Amino acid sequence: MDRRNFFRILSTSAGALADGCTRKTDKLIPMLVPEHEIVPGEEQWHPAVCTECGAGCGTLVRIMEGVRQIERNGEQVRQRIAAVKKIEGNPLDPVSGGRLCARGQASVQSLYHPDRLRGPMKRTGDRGKPQFAGVSWDDALALAADKIAKARASDPARIAFLTGPLAGARSVAIARFVEALGAPAPVVCSVADFPVERRAAEIVFGWKGLPVYDLAHAHYALGVGADFLGGWASPVYYSRQFGNFRQGRRDIRGQLVQAESRLSITAGAADRWLPLRPGSEPQFLAAVGRILLESRLARNAAQVPAPVLAAFQAADVGALVAACGLDEKRVREVVQELGESEAPLVLAGASIVQSNSLDAIVASHYVNLMLGNVGKPGGVLPPAQAAATAPANHGAAEALARADVVLIDGANPAYTLPRSSGVFDALARAGTVIGFNRFLDDSGAWSDLLLPDHDPLESEIVQPLYDTRALEQTLADLSRKMNLPDRVPVTPAQPLSHTFDLAAPAFDGDAGEYPHTFQPYLSLQFHDGRGSHLPWLQELPDPASSAIWGLPVEIDPGTGMKLRVSNGDMVRVESRLGWFEAPAYVHPGAIPGVASMAIGDGHSHYGRYASGRGANPIAILAPVWEKSTGALVLGGTRVRLSRVGARRDWIQFAAPDREERGFEHR
Ligand code: SF4
């Protein structure tokens, strides 16, 4: 039984359920609250699941009576509705444990957003321009079915279904739809799906899905490249785990050392930060494995496959640590402490994907195997839930390039693919583009038809506000119109072989001409850019710079001095393939020669709060993909920086707290 169904059953059973605000919940209500059940002045709490990222935190949704103004027979009338007032974490949920991140809390604004699509729309102007007119569902579905059926008859391989990270019933509906069409498997088009982490777990352990790190019961943790308190994987779950790791046990305060190429939220919360050169994670982990072996601290080395053990033994610690830009003595101290700990854990990920990230995470799993913590409390555990579907590949740009019909759900390729990938040419060239998103976003502007989905809260809790339709229903209607078969046989995936390499990272751009490496990263507030349309999240200070309503590019003090740039001054960030301008934040913790920027700004279209605000750092990246998964290499582009002018409208929430101070990197 999946979690969604579990909550459906839970919600209709008699039993006790505590709410996220520690109030008593008196009544458990079935899903979809009819208006007549709402008692004025009384609140009801309903279990649901947050869909703002792939972590899927369990929530409780507070419902009360509300009123809305609608037009009926040409007159404005007030209509009584069940209204969502607040969303909290569900204390019974193993992921959220009663807590939510800011994006989960703000998701209520998405339901009532003034710029939501209110029904199906058809293009009336040129592609790329947001010119649409309303159309009936019957006409929209007939038109969509006609276009898809024609493409299917001529060459189903030229139908591309781009999705966000897939989970639950939605992923099953999409997978069945494309199977029935005979089209290629849906392609996840996202920078927040963590395919490299999934592939590494499959290679080493045969697990399908993201492994779970039992940080709460570890004594000593070495984080590598995973900003698990920021935008990586499951921020609420790991924040709870971190709380227990630090303060949840009477005699143990867990120690965290974070090795990362940015002073992220996790690095800032660690006892020690090891500032790695971008892309040197595999070298660092190979050195860690080698030091454990030579210090006889690899207590479980016998479990590591012989070729992998030989690779660790052949590692030259001095050369590898130098390639990371670290001090060898300091690294040896950390590894000694890790190996001597009663419950050691290495938590590695690719918050900023590099061309060699897979090798880094594979190496980290072998180090955990060496430390004997796999499958044990305080160690690496199998995924809580196996991935529902394994997309054939993540080559969204490739799929787009050959597509005649493009279907888009939960993805925004015009925002999350670099311009140099040819995304705009492909969207302009496609015969038909159909979007199922709830907002007219960057990709929606390139669509011919917009068939908007319900808000997730409308699918589960309250009646739909507008003339939208659940994606599952839209796909079923299209299938019926095209007489698609119910099921077709599926070919099982091929098993993978064990590999582990120490390749240096690949960067696009000449180091002389483009001296800075550039790191766009998933932000806490906007994630992969999907949260930028919500004003609560725009108001939330950026954790690094405290900027609101606009994201800066983070540069190191040496570069700031050289360019004569202070906080808020405008800089041009230029790669071989494009440029943008943004305010600078001179970050005292930024690694010299490395510029970073949170993803979130720079939408061409995404409602009134996000459209035209700031710059999209992904747009100027080179089209470089991680080989085994097709994930976009976020950290693989070099840039040059130049000053373009004095401070413009840039707002810092707590500027005096963030003045530059001396900072020692080693
Ligand atoms: S981590 Fe935040 S955005 Fe993701 S599911 Fe949980 S509450 Fe929602």
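None of the values given here were measured: they were computed from a predicted structure.

**Observations concerning the overall build of the protein**
On a plain count of helices and strands, the protein comes out with 19 helices and 24 strands. Taking as baseline every contact in the protein between residues at least 6 positions apart, the subset at least 24 positions apart corresponds to 73%. Counting only carbon and sulfur atoms, one obtains 51% of the accessible surface of the protein, whose full area is about 26500 Å².

**Looking at the site of the ligand**
Taken together, C50, E52, C53, G56, C57, L100, C101, R103, G104, P235 and V236 make up the full set of residues near the ligand. Those elements that provide at least two residues to the shell around the ligand are α2 (102–111) and α6 (235–247). Taken together, the residues of the shell around the ligand sort by class into seven nonpolar, two polar and two charged.

**Looking at empty space enclosed by the protein**
Within this structure, the stated rule accounts for eight cavities of 30 Å³ or more. Computed from the structure, the largest cavity encloses a volume of approximately 200 Å³. Lining the largest cavity are 19 residues, with S190, V191, P195, A631 and L632 positioned closest to its centre. Considered class by class, the residues forming the lining of the largest cavity number 13 nonpolar, five polar and one charged. Here the second largest cavity is characterised by a volume of approximately 150 Å³. Considering the residues around the second largest cavity, the lining is formed by 16 residues, among which V49, C50, T51, P456 and L457 are closest to the centre. For the lining of the second largest cavity, the leading source of residues is helix α16 (residues 456–460), giving three residues. Partitioned by chemical class, the residues of the lining of the second largest cavity number seven nonpolar, four polar and five charged.

**Observations concerning the sheet that holds strand β9 (residues 220–224)**
The strand order across the open sheet built from four strands is β11-β10-β9-β12, with neighbouring strands paired in parallel fashion. For this open sheet the edge positions go to β11 (272–275) and β12 (344–348), each flanked by a neighbour on one side alone. If you compare each strand with its neighbour and ignore which way they point, the axes differ by 15 degrees on average. Packing of helix α11 (residues 328–340) onto the sheet brings it into contact with β9, β10 (255–260), β11 and β12, and relative to β11 it is tilted by some 130 degrees.

**A few points about the pairing of strand β3 (residues 75–89)**
The sheet contact formed by strand β2 (residues 58–72) and β3 spans 14 bridges and is antiparallel. By the bridge assignment for β3, E65 is matched with A82. Count of turn residues in the β2/β3 antiparallel hairpin: two residues, of which N73 carries a positive phi of about 50 degrees.

**Looking at the confidence of the model for the protein**
Taken residue by residue, the protein gives an average pLDDT of 88. The fraction at 70 or more is 89%. Counted against residues more than four places away or in other chains, residues 1–31, with its pLDDT under 50, gives 63 contacts. Every residue in residues 488–497 scores below 50 in pLDDT, and together they form seven contacts with partners more than four places removed in sequence or on other chains.

**A word on the environment of A149**
Assignment of secondary structure puts A149 in helix α3 (residues 137–154). On the basis of relative accessible area, A149 is assigned to the partly exposed category, the value being 32%. The spatial distance from the C-alpha of A149 to the C-alpha of L478 is 9.5 Å, given a sequence separation of 329 residues.

**Here's the deal with the pairing of strand β6 (residues 159–163)**
Burial within β6 is extensive, with five of its five residues counted as buried. Judged from the five bridges that link them, β6 and strand β14 (residues 405–409) form a sheet pairing that is parallel. Directly across from F161, in β14, lies its bridge partner L407. In this sheet, strand β7 (residues 187–188) lies alongside β6 in parallel orientation, the contact comprising two bridges. Opposite L162, over in β7, you have V187 as the bridge partner.

**A few points about the environment of A200**
In this structure, A200 sits in helix α5 (residues 195–205). On the basis of relative accessible area, A200 is assigned to the buried category, the value being 0%. In contact with A200, not counting residues within four places along its chain, are L358, I361, V362 and H365.

**Some thoughts on the packing of aromatic side chains**
Inspection of every chain in the model, using the stated rule, returns 14 aromatic pairs. With centroids separated by 6.1 Å and ring planes inclined at 65 degrees, the aromatic side chains of F228 and Y238 adopt a geometry described as edge-to-face. Separated by 10 residues along the polypeptide, F228 in the loop between β9 and α6 and Y238 in helix α6 bring together distant segments of the chain. Taken together, F194, Y213, F228, W232, Y237, Y238, F242 and F245 form an aromatic cluster joined through their ring pairs. The ring centre of Y521 lies 3.5 Å from the NZ or CZ of R262, which sits over that ring. Its end group placed over the ring of W579, R572 keeps NZ or CZ at 3.8 Å from the ring centre.

**Considerations on the sheet that holds β2**
Sheets are built from strands paired through backbone hydrogen bonds, the pairs being either parallel or antiparallel. Taking strand neighbours across the sheet as the criterion, the three strands line up as β1-β2-β3 in an open arrangement whose pairing is antiparallel. Each edge of the open sheet carries a strand with a single partner, namely β1 (44–49) and β3. Neighbour-to-neighbour, the strand axes of the sheet open up by a mean angle of 40 degrees, direction not taken into account. Bridge count for β1 against β2 is six bridges, and the pairing is antiparallel. Opposite W45, over in β2, you have R62 as the bridge partner.

**Remarks on the nonpolar core**
Grouped together as the largest cluster of nonpolar side chains are 128 residues, with contacts concentrated most on F284 and F518. Here this core takes 10 residues from helix α12 (residues 357–371), the largest share from any one element. Membership of the second largest hydrophobic core comes to 27 residues, among which are I148, A151, F177 and A183.

**What to know about α12**
In an α-helix, one turn spans 3.6 residues; hence positions three or four apart end up facing the same way. Compared with an ideal rise of 1.5 Å per residue, which puts 15 residues at 21 Å, α12 spans 21 Å between its outermost C-alpha atoms and is within 8% of the ideal. Burial analysis of α12 places 15 of its 15 residues in the buried class, which makes it a mostly covered element. Looking one or two places after α12, you find G372, whose phi comes out positive at around 75 degrees.

Conventions adopted
- Residues numbered from 1 in each chain as written.
- Predicted model: local features only at pLDDT ≥ 70, side-chain atom pairs only at ≥ 80, totals over all residues.
- Heavy atoms only, no water.
- Helix = DSSP H or I, 4+ residues; strand = E, 2+ residues; numbered from the N terminus.
- Contact = heavy atoms within 4.5 Å.
- Areas by Shrake-Rupley, 256 points an atom, 1.4 Å probe, with all protein chains shown as cover.
- Near = heavy atom within 4 Å.
- Nonpolar A, V, L, I, M, F, W, Y, C, P; charged D, E, K, R; others polar.
- 1 Å grid on protein atoms, 1.4 Å probe; cavity = no way out; pocket = protein on both sides within 12 Å on 5 of 7 lines; lining within 4 Å.
- Points joined across faces, edges and corners; volume = space filled by probe spheres on them.
- Pairing = 2+ DSSP bridges.
- Axes fitted to C-alpha atoms, helices over the stretch in contact; angles between N-to-C directions.
- pLDDT = per-residue confidence, 0-100.
- Buried < 20%, exposed > 50% of the residue type's maximum accessible area, 1.4 Å probe, protein only.
- Phe/Tyr/Trp six-rings, centres within 6.5 Å; stacked < 30°, edge-to-face > 60°.
- Lys NZ or Arg CZ within 6 Å of the ring centre and 35° of its normal.
- Core = buried A, V, L, I, M, F, W, Y, C linked by side-chain atoms within 4.5 Å.
- Expected span 1.5 Å × (residues − 1).

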